[in-house]
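Residue-level listing of the chains:
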Amino acid sequence: MGFERNARIARDPARSPADRIRALRRCVSSYAPYGYTATLDYLRERFGPLEDPARLVPAVEALTASREAWLAEVAVFADHRRAAKARGRRRPAAAEVALYRSTGWPGGGAAADRVVSPVFLRSYGIAVWEPVPVNHRRRLRRVRRVAWPFTLPATVLGVGLVLLPMLGLALRAVFNPPPIALWSFVLTALVALPVAVVSQAPPGSLRLRAVHARNRRVVAAAEAAERRLALDRSKTFHL
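Residues numbered from 1 in each chain as written. Predicted model: local features only at pLDDT ≥ 70, side-chain atom pairs only at ≥ 80, totals over all residues. Heavy atoms only, no water.

Student: Would you explain the pattern of salt bridges in this entry?
Tutor: All told, the structure shown has seven salt bridges when counted by the stated rule. For aspartate 19, the salt bridge goes to arginine 22, with nearest N and O atoms at 2.4 Å. Taken together, the residues aspartate 19 and arginine 22, both in helix 2 (residues 17-30) and three residues apart, mark about one turn of the helix. Judged by its relative accessible area of 26%, aspartate 19 falls in the partly exposed class. Arginine 44 serves as the salt-bridge partner of aspartate 41, at 3.2 Å between the closest nitrogen and oxygen. Of this pair, aspartate 41 and arginine 44 both sit in helix 3 (residues 36-47), separated by three residues, roughly a single helical turn. Judged by its relative accessible area of 29%, arginine 44 falls in the partly exposed class. (Salt bridge = Lys/Arg side-chain N within 4 Å of Asp/Glu carboxyl O. Helix = DSSP H or I, 4+ residues; strand = E, 2+ residues; numbered from the N terminus. Buried < 20%, exposed > 50% of the residue type's maximum accessible area, 1.4 Å probe, protein only.)

Student: Would you mind going over the packing of helix 2 against helix 3 with me for this structure?
Tutor: Two packed helices can be described by the angle between their axes and the distance between those axes. Two elements in contact, helix 2 and helix 3, have axes separated by 9 Å at closest approach and are oriented at 125 degrees. One way to sum up the angle between helix 2 and helix 3 is to call them oblique. Here helix 2 and helix 3 pass one another in a crossing that is right-handed. Contacts between helix 2 and helix 3 involve Arg25, Val28 and Ser29 on the former and, on the latter, Tyr36, Thr39, Leu40, Leu43 and Arg44. A per-class count over the contact of helix 2 with helix 3 returns four nonpolar, two polar and two charged. (Axes fitted to C-alpha atoms, helices over the stretch in contact; angles between N-to-C directions. Parallel < 35°, antiparallel > 145°, perpendicular 65-115°, else oblique. Left-handed = near helix turned anticlockwise from the far one by under 90°. Contact = heavy atoms within 4.5 Å. Nonpolar A, V, L, I, M, F, W, Y, C, P; charged D, E, K, R; others polar.)

Student: Would you take a moment to explain the packing of helix 3 against helix 4 (residues 53-86) for this structure?
Tutor: Where helix 3 meets helix 4, the closest approach of the two axes is 10 Å, and the angle between their N-to-C directions is 125 degrees. Accordingly, the angle class assigned to the pair helix 3 and helix 4 is oblique. The chirality of how helix 3 crosses helix 4 is right-handed. Here Thr39, Leu43, Arg46 and Phe47 of helix 3 come into contact with helix 4, specifically with Arg55, Pro58, Ala59, Ala62 and Leu63.

What follows is the structure in structure tokens.
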């Protein structure tokens, strides 16, 4: 249900007060210059309790007039951006965005110290390009997936530690060799097992470990950026 239809319901005296109030809240969900809660608070400050049908209609009219004024401003901004893109400037300049960041209630009628929500501006594409978290998302897509480089050496070590004692016990049970032979077997195993493990270590394992550590840092930075973005949205805009 769009803004205009909800506005008509909020104005309709034939509707129940509860339906009209819900329609107004849906209007504010669609268009909230200060954020949902702050916009409702502003309308209450300006027109009084919104539960009163006599106050409800002026609040809807003010919200509708503000939206029309704002859409006209957005159309002007879009025209400027199209012209700038034609000249090769793909992103809005900080000066362009700063002008809107100091905007009060669109259409006038609010205190000068109350400005529109940054998230409200971003929802209309009026924002300076920020690489975080977008840049981290791009980096995540380019992350090289690297398995742990020492899987095979660890497997060789584990198998050797199991098989060599079993082989020694089998030799002792079947052939019953003298102690010197058993000690020779143990010493040979102690030399052969490290050699086998080292021979299975992949070349450049230190480099692979460095890549793996860098990937973990990229993932951690991306997750932190997403958390900061979610926190910023929760503080500045409530739906």
